[in-house]
Structure formats: C-alpha cells, structure tokens
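What follows is the residue order along each chain.
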Amino acid sequence: MTEPTSGAATGPAAGAVTDPAADPAAGSATEPAASLATGLAADSTASPTTAPSAGPATAPTASPTTSPATAPSAGPSPLIRFGELRGYLGALEALGDLRRVTRPVSADLEAAAISRLSCERQAPAPLFENVEGVAPGFRLLGAPAALSSAPGKPLARVALSVGLPAGTTAAELVDHLARTRDAKPVPPRPVAREDAPCKQNVLLGDDATLDRFPVPRVHEFDGGPYANTWGIIVARTPDGRWTNWSIARIMLIDGKHMTGLVIPAQHIGMIWSEWVKIGEPMPYALVQGGDPAVPFVGGVPLPPGVDEAGYIGALHGEPVDVVRCETVDLEAPAGAEIVIEGHLSVGRDAREGPFGEFAGYGSTETSMQPVYTVEAITHRDDPIWPLVAEGRPVDEFHTVTGVGQAAEVLAELRAAGLPVTTAWSPLRAASHWMVVTVPRDWRERLPGVDSAELTHRIGKVLSESHSGRATAATFVLDDDVDPADDTDLLWALATRVHPLDRAEAWYGFVHPLLNCYTHEERAAQSGPIVFHDGLLPAPGEGRLPHSSFAQAYPERIRRRVLEHWHD
C-alpha cells in the first residue's frame, strides 16, 4: 500500500469500551438514503445507548429534508480508545466481524488470497492463528480496515480505528477527522521499556532476521513477499524538526534487507532526500500492529511538517505512548506488535516490484529504490502481523486513504471559506474520484456567484493542494444526494454531469499510481485534474423534485405506507 503523502500514529494501552457492539450511531455509509426516502427520522425506534466505560452519546437523527450522512452535526463523541491491536480485535469479534482461522495456512499467497476474498465478499476479517513455517503463536491478520461485515455498519472497522462508534456515517467520520486537523496537537509521551509491550522480545545482531516472521507474498505476480502493506515507517529529518509516520509498500529481499517505494512527492521521500543531501543513511523504524489509529493516520495526507503522533493525541484527547528504539534515535509506538529498526541506504540500490496496487491492476513495472537494512527487531509475545491484500476496491487503501483524503479536502475547502457540506472519495472508484457536496443555501452565502464560479473556486483551492491533486476527477454536487451511497451517487453523476461541458481542467502534479493517466503522464507525474460542475439550478428556478418515495408523495401518504408496510 502506498499513501498519497503522509503518516500515522498510535496511542497508549487503554481499555476498550465495555460493549463495543452497543453502538449509538443510527445509520451507515450505505443507509442514509433511507432517511431521505422516508422523509422521517433516520431511526424512529432506536433510542440512544450508553457505553459504560466511556460515557453516553446521542444517536443522530434526521429532519424530514436532511440525511445525517450529508449534513453532519458536531459529530459523534469518541467512545472507544485502543492502545493496541488486540483490544480492537476484541471489538471486531463482539460485532461478529472477526473470523479466527485455525487450520494451517501458508503466508505464501494463501493468507493473502483469503484476505482478498474476504474484502470482495465483505466478510469478517480473518485472523490466521496457525501459519505454516513459523513458530507457534506467530499470527497474521487480514483485511484489518476493509469494509465491515456487521449489518448496517460498513465503515465499522474504520470508525472503531479512530475511536468512533461502529455505525458512524461517512460524513460524520470525515467531519471528525477534518476537525481534528485543526485541533491543537498533543505531543507523545515517552514510557519506560518495561511499560512497552513491543519490548517483550528483543532481537539483535544475527537474531534480528525477518526469516522467523510470516512475511506474506500478496499477489502471484509480485516481485517478492511484502514486509509492509499495513505498517508505518517512522522517520525524522536530520535536524529533528519533523517526525513522520507514514505508509509505503516495502518488499522483502532477504532476512536482513528490504526495499520499497520512496516517492519524492511523498513524506518518506521528502525526509529521505534530506539524509541523501548530507550523505548519511536514514534511520527508520517499521511498525507492524498496535493501536488501529497507527496505520489509519499513516494513510491520511496530513500537510508536510505535521507530526502524526500529535494528531493522534488530538484525536484521542491524550498523548500517544512511545518508547525509544534499540539501535536508532527514534521513538516507536509502545503498543506495537513488531518494530523493525535500521537504516535506509543513500542510493537507489535494489529493484522493487512489481506489486498489485490500489487501482486494481497487476503492475508489470519495477524501479530502483533504496535498501532498508535490518539491525534490530522487537516484538510482543505471539505477535500479529497485519496484511493488506491490496487490489480492486474495496480494501484498506480505499477505506482509509480515501477517507483521509476526503477529510483533508473538506478541511482545505472550509479553511478557504467555501460553503461545503462534505467531501467523499467514492470507495469503488479506487481513490481516482472525489465528490464535494454543497448546501442548499450556497448562493445566499456567496452572493453573485454562479455554479461555474463556485466550481472554479473549489478547483483553485484543490489544484494547489497535494490532497486535491492526488485525485483525477472531482465532482461538485448538491447535498440532496449522499456521496457515500453508491446508488445515490451513480444516479446523480449520470443525470447532472454534462458529458462534455461544465468542466475545468487544472494542469500540474498528478499521482503516478493513478491508472487513468497515460504512461507518459505517470512517468512525468504531470497532467490534468478535472472539476465537474454538477450543481442543480437554484430552488424555484428550474430545480426538479426527485421522483422518489421521499419527494413524490406527501408526508401523510408516506407515513401511512410505512405504518402499514408489513400488513
């Protein structure tokens, strides 16, 4: 997995909510149209529930004309805090969203194949407890943040990862992350080695070899096993001003060496280039497992210079626990399952790839990349190595990086003073599309501005941001549709976006892994991003009602139909 720009963080060990399945959120990313369709409250029968260990939360409801997914309030209060992966897995198990696989499974393709199928079938996350060829107790976890199998809660794994209820809607999730971006960072808290679970086993010298771990081979056409598909790389600038926690794919060469993508435009590439300038290898720590917020924020494209540990601290309202590494001057999340330490070479000394990336195609391309030398490994007893079988949507790249990109887009547009309801990266568009919705009264907020000018202003802001340029096409729509509901979205795109006109292209940087561009554009990392004006006329000036249950019938008829639906 490769993140568009930036990093991640973790938190101290903490108890999970007593009953993670007791979820106050009414609705889901695929349900909000139900409230739109009925024109009544989102859930007239559900009452708010209380999480005993974290305090109460109020279930959001919808007005007759508003879907909770398109018009978030202040958002649900965080209820759950995980300092480690194991508490999170307990929460998934309580939801019926974890499958323990006890039969022998090979890390060579088989575990990844099961994980990939679980994504495609939206099945529970597989936890492989009997991995062939490694010591008993060494485990693999597949699909750690893919779509959930919990009924009505497709974003449960993503929401739980950031401490929100399992039924949190897409718009609430994006709004929460956007608000956290503007919160004051909470610096990490160093803890002693004896208080860090990741120090239960310390391997140095010849003992520090990846041969003892179940490093998975993900796709048959990959260049080798991949040691990193869902872990973060801890790196710091030589002057110590910026510590970045990010996700980038890393391929195993042998037990003591790895290589992976170091793209100049990504944060890992920015920091590595500073070490190259002074001619010294870059210290790194590769972290597997731990607080589920670690890889989640690893996929959020925070601005350059922002420390992800401080963001996670703000997200949870308390510091992240970190512990000093054994052989490099870095701190790693104390609750991690596995921490690999060493240095990244100054030169691009090894051939990396190919690898099946987030666009959903098996690549044939390789490139020369720096080499990670393994100098120390620390790990918990019976460690769990997370695995993402990346490919066609929907998997972790689309759920996590897509949500993170949408949160950044929302924050940037709000900071520019533009009236925006929400932003969403449609999961099945493989991070190639972004949708921005605006409220019904946007014309009153921007007197004299028409839809073409509003779309232009949105394009200007996003064409100058890395998050905006990491998506090929952005669609600007009214918020009478829920962009996280594929049925709503497909109808809106087909009926509101002109096949040729009402679009503006902005030329510049484009993400080299977006498959819609030509080979030449990807190689040059330069091309167009396009903004489509799909806005309807103003109410009363030609806007048509929906021919739907919600808008084609009076409330008294809808209520009667619903009251007698099962008669």
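What you see as residue numbers is a count from 1 along each chain, following the sequence as written. Residues qualify for local features only when their pLDDT is at least 70, as the model is predicted, and side-chain atom pairs are given and counted only at 80 or more; totals for whole chains, interfaces and linings, by contrast, use all residues. The basis for the side-chain values is all heavy atoms of the structure; hydrogens and waters are excluded.

> Just checking my understanding: could you explain the overall build of the protein chain for this structure?
Counting from the N terminus, the helices are the DSSP runs of H or I reaching at least four residues and the strands are the DSSP runs of E reaching at least two. Counting its secondary structure elements, the protein chain contains 15 helices and 25 strands. With a 1.4 Å probe rolled over the protein chains alone, any residue whose accessible area is under 20% of its type maximum counts as buried; one over 50% counts as exposed, and the rest are partly exposed. Taking all 567 residues of the protein chain together, the buried fraction comes to 59%. Partitioning the intrachain contacts of the protein chain with sequence separation of at least 6 by distance along the chain shows that 76% fall at a separation of at least 24. By definition in these notes, contact holds between two residues if any of their heavy atoms fall within 4.5 Å.

> Any chance you could explain helix H9 (residues 396–415) here in plain terms?
An α-helical segment advances 3.6 residues per turn. Residues three or four places apart therefore align on the same side. The end-to-end C-alpha distance of H9 is 28 Å, a good match for the 28 Å that 20 residues give at a rise of 1.5 Å each. The buried fraction of H9 amounts to 18 of the 20 residues, a majority that puts the element mostly inside the structure. Near the N-terminus of H9, the side chain that reaches the backbone nitrogen of Phe-397, with its oxygen 3.0 Å away, is that of Asp-395. Once H9 ends, the next one or two residues include Gly-417, with phi positive near 80°. Helix span is expected to be 1.5 Å times the residue number reduced by one. Pairs of N or O atoms within 3.5 Å make up the polar contacts considered here, provided that, within protein, one atom can donate a hydrogen while the other can accept it, and that residues adjacent in sequence are counted only when both atoms are side-chain atoms.

> Looking at this structure, how should I read the packing of helix H5 (residues 170–181) against H9?
Helix packing geometry: the angle between the two helix axes and the distance between the axes. The axes are straight lines fitted to the C-alpha atoms, using for helices just the contacting stretch, and the angles between their N-to-C directions are given from 0 to 180°. Closest axis-to-axis distance for the H5/H9 pair is 8 Å, and the angle between their directions is 60°. Relative to H9, the element H5 lies oblique. Seen along the crossing, H5 lies across H9 with a hand that is right-handed. Packed against H5, whose contacting residues are Leu-173, Val-174, Asp-175, Leu-177, Ala-178 and Arg-181, the element H9 presents Val-403, Ala-406, Ala-407, Glu-408, Leu-410, Ala-411, Glu-412 and Arg-414 at the interface. Classifying every residue of the contact of H5 with H9 gives nine nonpolar, no polar and five charged. These descriptions rest on fixed angle ranges, namely under 35 degrees for roughly parallel, over 145 for roughly antiparallel, 65 to 115 for roughly perpendicular, and the rest for oblique. Crossing chirality is assigned from the near helix's rotation relative to the far helix, an anticlockwise turn below a right angle marking it left-handed and a clockwise turn marking it right-handed. In the scheme used here, Gly and all other residues not listed as nonpolar or charged are polar, with Ala, Val, Leu, Ile, Met, Phe, Trp, Tyr, Cys and Pro taken as nonpolar and Asp, Glu, Lys and Arg as charged.

> Help me out: how do you make sense of the environment of Pro-304 in this one?
Within the secondary structure, Pro-304 sits in the loop between helix H7 (293–298) and helix H8 (308–316). On the basis of relative accessibility, which here comes to 53%, the residue Pro-304 falls in the exposed class. Expressed as a C-alpha distance, the spacing of Pro-304 and Gln-266, which sit 38 residues apart in the sequence, is 9.0 Å. With residues up to four places along the chain from it excluded, the contact list for Pro-304 reads Trp-242, His-267 and Met-270.

> Just checking my understanding: could you explain the pairing of strand E5 (residues 139–142) for this structure?
Walk down a regular strand and you will see the side chains alternate between the two sheet faces. Residues of E5 alternate between two faces, with Arg-139 and Leu-141 on one and Leu-140 and Gly-142 on the opposite face, all of them buried. Looking at chain direction, strand E4 (residues 125–128) and E5 are connected through two bridges and run antiparallel. Looking at E5, one finds that Leu-127 is bridged to Leu-141. Here the rule is simple: two strands pair whenever DSSP picks up at least two bridges between them. Direction of pairing for E5 relative to strand E20 (residues 384–387): parallel, over a ladder of four bridges. Each bridged residue has a counterpart across the sheet, and for Leu-141 the counterpart in E20 is Pro-386.

> I keep staring at the packing of aromatic side chains and nothing clicks. Help me out?
The geometry of an aromatic ring pair comes down to the distance between the two centres and the angle between the two planes. Only rings of Phe, Tyr and Trp enter the pairing, Trp through its six-membered ring, and a pair is recorded when the two centres are within 6.5 Å. The plane angle decides the type: under 30 degrees is stacked, over 60 is edge-to-face, the rest tilted. Summed over the entire model, instances satisfying the criterion amount to seven aromatic pairs. Between Phe-138 and Phe-213 the ring centres are 5.4 Å apart and the planes differ by 35°, which places this aromatic pair in the tilted class. One end of the pair, Phe-138, is in the loop between E4 and E5; the other, Phe-213, is in the loop between strand E7 (201–204) and strand E8 (226–228), and 75 residues separate them in sequence. On the accessibility criterion, Phe-138 (11% relative accessible area) is buried. Taking relative accessible area as the criterion, Phe-213 reaches 4% and is therefore assigned buried. Centre to centre, the rings of Phe-549 and Tyr-553 are 6.3 Å apart; their planes meet at 40°, and the pair counts as tilted. We classify Phe-549 as partly exposed; its relative accessible area is 28%. Among the aromatic residues, those joined into a ring-pair cluster are Phe-138, Phe-213 and Trp-385.

Interpretation note: all reported values are geometric properties and have no functional meaning in isolation.
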